[in-house]
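So the chains spell out like this:
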Amino acid sequence: MSQASEQHAQVISMAEQRAARSARGVADATPATDSRPRCGASTLDGRPCRNYAVDGGRCRVHALGSGSAGARGQSAPSQPMAPRPSTPAAAPFGGLGIAGGTGRNRVDRRRPSRASAPEPGHDEAFARAQQELQRRGYAGAIDGLAALRDVADDRWIDALRGMIAFLRRRVTGDYTVDEFGFDEDLTTHVLMPILRPMHQRYWRVGADGAEHIPTDGGGLIVANHAGTLPADALITRLDVFDQTGRHARELGADLVFRTPFIGEFARKTGATLASGDDADRLLASGELVAVWPEGYKGLGKHWRDRYKLQRFGRGGFVATALRAQVPIVPTAIVGSEEIYPMLFDMRIVSKVLGLPYFPMFAQMFALPVLGPFALLPLPSKWLIEYGEPIDTASMGPEVAEDAMALFDLTDQVRDRIQGMLHRNLMGRRSVFL
Amino acid sequence: MAEGRRVLITGISGQLAGMVARALEQRDDVHEIIGIDVREPHHELQRTEFVRADIRNPIVARVLEAAAIDTVLHMSTATTPSEAGGRARMKERNVIGAMQLLAACQRAPTMRRFVLKSTTAVYGSDHADPALFREEHSAQQPAKHGFAKDVTEVEAYVRALGRRRKDIDVTLLRFANLLGARLDSAFHTLFTLPVVPTVLGFDPRLQFCHEDDAVAVMVRAATGDQPGVYNVAGDGVLYLSQCVRLAGRIAAPIPLPFVSGVANLVRRSRRGDISPEQLRFLQFGRVVDTRQLTEDFGYTPAFTTRSAFEDFVRRRRIEGLVDRQSVDRFEQELYGFLQRKGQERFLDDQRGTGR
């Protein structure tokens, strides 16, 4: 039995063995061949290179770097299949490889046996190794996990477990959605993690005044809308979620809910129809609601109109907030205008397709050069500012019936947002930084 | 009133009507139950007397008078044309039948209560729907054909009866999709097909009402004292996709242009009848507000939408292609695999079997 396991160990660790052999070879040989000249260059971490010099006082690796590597192809002692000039670089990684190395070594192992050396016993050893691999099954994956654990603590494992649990919930349908169709599980575990890199790295969203978002009870976030695609809505939602842990529920236009996939996605991520009924119901149940009252007029406005607030719908959102007696948080988003600068609106196409606008944006001119990459939004720097909340509780719900007061309040919200936009536009260094 | 109510149930051969009749038989405050239908009921009824007649038949008026009926439960609205033998006959039976029944009720001096089993289909199904329909809402687009149109019209006639005879209490019960072990519904059809057809890119929000709740609500409407219009549905909402997953079945998303073609195929193969408004329902779904049911009517459904569906799946023996237990077991194994201990055990296992 011990013999078996010894043999077993031998076969398994072929990679390590080879690494050890080459290391031992160097170590053993060191006293004997010390007279041979060493490479004069220093390695990346500042220590002198320990390879033998082959050309002009440099080793093969460093000679390559200095540009005289033309016809040199002799084999180094540790690399039996030298013909590829890139293999020496693989040697240091082979030493490091805990699990990642196995794949590479397997490939390396196969190459010489087929191409060059019909060594006796080699094929046999290879076959045994293959057999062993088959028998051990997932051992490689386990080694990888163990290594991952050592490197990254239990966080990775926990994240992985979370992911598995999420998948199980999705497969078995074990999650709840609310009456509006909001699937919190999906939103928190899929939408938000997808958006987070966009938020943090791509648009580097800065947030200001997050303390103005109500942490409990109802609230109405009113923001400007821009950028051809409603990316600002998604990013603001993520920002609110990361700042307060609350999901802001969007109110969307009916076109959204008519469109396949998009309507489904919007409902599942918590949006609902921008109608008084739904908004009242959401606010009454103490939800945070986000609304973009400019709608398509804001989204699909020309580049020359950037940061000019459009008409705020019919001001229905103000009446809703008044009826529910919740604070209105005016919010200014700077940066979303520049993601798809809309140069002109192809009216004919939009009429045919039944869309509110069909944009020709700046990047489209780069389509022949960049291909699909031209359709990516531009990486502008964003700033979201949540303004001082407007208290509606002091006005009383009966104001919701007063049309004049509604107009005044709508204008007040609009002016606040426009003011914040101007201030933040003045304050920013450049569009992209 | 001492001797109890005298109840007439139309459409007694229907499964739900049969259950309601049996439930009424148990009650002491119900003196007499008369069931009326064109087909003989298959369920065992004890006290209930059966009259074989169409509701368009003048015999109904005579029964109302002779038996001194004071409560009518109208439950004979056919949902699909195939059930009634063609759309024209369905319309005839549903609308004209209801009109004649109502006319008879208006003449009957003993009449005190009229209960209509209606449906939430009267709200239609549209992308611009409010998230939850309240009783005072109406459809975004009035139903143009089919069951929903019939029921909408019948509801209007019933209200008219309530206006003409102030002494008759009118109760309209709008049931969400009924699920249960004995009821046949479009959902049963949907989940007995090899794969569950869905509309690609749409995921309707659904609400279900368990048959036990439906019976309890009908009985309460017949014997209690809370006239009005009520939505009846279990709490909570399920997406169709979630239902498919809960049942462990597999969805087959069909692109919108081919949906009606597939529905026709299903109809031809006689596996079930899916009407055009149900196809629209598969796109947008419908959710109703049941606050009035719990607050004014005073009934809280025992089953939530989800438990109703799970009960339906269990009792109808809808077999899942994806077994829930095996998914759980697989997850547990993966968990174990992720633990260092698990890894060691796993390695030992592998070595042990390999040797």
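Rules behind the numbers
Residues numbered from 1 in each chain as written. Chains lettered and ligands numbered in written order. Predicted model: local features only at pLDDT ≥ 70, side-chain atom pairs only at ≥ 80, totals over all residues. Helix = DSSP H or I, 4+ residues; strand = E, 2+ residues; numbered from the N terminus. Buried ≥ 20, exposed ≤ 12 C-beta atoms within 10 Å, placed from the backbone. Contact = placed C-beta atoms within 7 Å. Pairing = 2+ DSSP bridges. Axes fitted to C-alpha atoms, helices over the stretch in contact; angles between N-to-C directions. Nonpolar A, V, L, I, M, F, W, Y, C, P; charged D, E, K, R; others polar. pLDDT = per-residue confidence, 0-100. Core = buried A, V, L, I, M, F, W, Y, C linked by C-beta atoms within 7 Å.

Peer 1: Sorry, what's going on with the overall build of chain B here?
Peer 2: Assigned secondary structure in chain B consists of 14 helices and 13 strands. Taken along its principal axes, the extent of the C-alpha atoms in chain B is 90 × 45 × 35 Å. The 355 residues of chain B split such that 44% are buried. Within chain B, counting contacts between residues at least 6 apart in sequence, those at least 24 apart form 80% of the total.

Peer 1: Looking at this structure, I do not really get the overall build of chain A. What am I missing?
Peer 2: Each helix and strand in chain A was counted, giving 18 helices and nine strands. Across the 433 residues of chain A, 28% fall into the buried class. Put simply, of all contacts in chain A between residues at least 6 apart along the chain, 67% involve residues at least 24 apart.

Peer 1: Is there a simple way to explain unusual backbone geometry in this structure?
Peer 2: For residues besides glycine, phi is generally negative; the peptide bonds are generally trans as well. Residues and elements named next belong to chain A. Positive phi values are uncommon outside glycine, yet Arg204 reaches one of about 40°. In this fold, Arg204 is placed in the loop between helix H9 (184–202) and strand S1 (206–208). Arg204 gets classed as partly exposed once you count the C-beta atoms within 10 Å, which come to 16. Backbone geometry at Tyr307 places phi at a positive 60°, although glycine is not the residue there. Here Tyr307 shows up in the loop between helix H14 (296–299) and helix H15 (316–324).

Peer 1: How should the environment of Thr10 of chain B be read in this particular structure?
Peer 2: Residue and element names in this part refer to chain B. On the secondary structure map, Thr10 appears in strand S1 (residues 5–10). Between the alpha carbons of Thr10 and Phe50 there is a distance of 10 Å; along the sequence they are 40 residues apart. If we ignore the near neighbours within four places in the chain, the residues touching Thr10 are Ile36, Ile55, His74, Met75, Ser76 and Leu101.

Peer 1: When you look at the sheet that holds strand S6 (residues 169–175) of chain B in this model, what are you seeing that I'm missing?
Peer 2: In any sheet, the strands associate via hydrogen bonds between backbone groups, in a parallel or an antiparallel arrangement. Residue and element names in this part refer to chain B. With parallel pairing, the seven strands of this open sheet are ordered in space as S3-S2-S1-S4-S5-S6-S11. Both outer strands of the open sheet, strand S3 (49–52) and strand S11 (228–232), are each paired with one neighbouring strand and no more. Sheet twist, expressed as the average angle between the axes of neighbouring strands with direction ignored, equals 20°. Here strand S2 (residues 30–37) runs beside S3; their pairing, made up of four bridges, is parallel. Bridging across to S3, Ile36 finds its partner in Val51. Running at roughly 170° to S6, helix H7 (residues 211–223) makes contact with S1, S2, strand S4 (71–74), strand S5 (113–119), S6 and S11 of the sheet.

Peer 1: Honestly, the interface of chain A and chain B in this entry has me stumped. Any pointers?
Peer 2: Frequently, the measure chosen for interface size is the accessible area removed from exposure when the parts meet. On the side of chain B, 32 residues touch chain A, which itself brings 36 residues to the contact. Looking at the side of chain A that touches chain B, the elements that each hand over two or more residues are helix H6 (122–136), helix H7 (139–152), helix H8 (155–172), helix H11 (254–258), helix H12 (262–268), strand S4 (272–273) and helix H13 (276–284) of chain A. With eight residues, the top contributor of residues to the side of chain A that touches chain B is H8 of chain A. Taken together, the residues of the side of chain A that touches chain B sort by class into 16 nonpolar, eight polar and 12 charged.

Peer 1: What should I look at first to understand the environment of Gln243 of chain A in this one?
Peer 2: Within the secondary structure, Gln243 of chain A sits in helix H10 (residues 231–244). Beyond its immediate chain neighbours, meaning those up to four positions away, Gln243 of chain A contacts Ala207, Ala210 and Ile213 of chain A.

Peer 1: How should the confidence of the model for chain A be read in this particular structure?
Peer 2: Caution is warranted with low-pLDDT regions, since their predicted coordinates should not be read in detail. Per-residue confidence for chain A gives a mean pLDDT of 78, with 76% of residues at or over 70. Low pLDDT, under 50, characterises residues 27–32 of chain A; the stretch is placed with zero contacts to residues that sit more than four places away or in other chains.

Peer 1: I would appreciate a short explanation of the nonpolar core in the present structure.
Peer 2: Leu220 of chain A together with Met218 of chain B are the most contacted members of the largest nonpolar core, which totals 150 residues. Of all the elements, H7 of chain B adds the most residues to this core, at seven residues. With residues near it in sequence (within four places) discarded, Met218 of chain B still touches Val20, Leu73, Val115, Lys117 and Leu173 of chain B.

Peer 1: Would you mind showing me how to read the sheet that holds strand S9 (residues 383–386) of chain A here?
Peer 2: Residues and elements named next belong to chain A. Strand order in the open sheet formed by seven strands is S1-S9-S6-S2-S5-S3-S4, with mixed pairing between adjacent strands. Strand pairing shows two members of the sheet lacking a second neighbour, S1 and S4, which therefore form its edges. Here two bridges tie strand S3 (residues 248–252) to S4, and the two strands are oriented parallel to one another. In the sheet register, Gly252 faces S4, and the bridge partner there is Leu273. Its contacts with the sheet place H10 against S1, strand S2 (219–223), S3, strand S5 (288–291), strand S6 (328–334) and S9, and it is angled at close to 160° to S3.

Peer 1: When you look at the confidence of the model for chain B in this model, what are you seeing that I'm missing?
Peer 2: Residue and element names in this part refer to chain B. Of all residues in chain B, 95% attain a pLDDT of 70 or more, and the chain-wide mean is 87. Within chain B, the element-level pLDDT minimum falls on helix H14 (residues 340–354), averaging 63, and the maximum on S11, averaging 95. This prediction of the complex comes with two scores: 0.77 for pTM and 0.84 for ipTM.

Peer 1: Hey, could you run me through the pairing of S4 of chain B in this one?
Peer 2: Remember that side chains alternate between the two faces of the sheet whenever the strand is regular. Residues and elements named next belong to chain B. Of the two faces of S4, both are covered, the one formed by Thr71 and Leu73 as well as the one formed by Val72 and His74. Of the pairings in the sheet, the one linking S1 to S4 comprises four bridges and is parallel in character. Across the sheet, Ile9 pairs through a bridge with Leu73, a residue of S4. The pairing of S4 with S5 spans four bridges and is classified as parallel.

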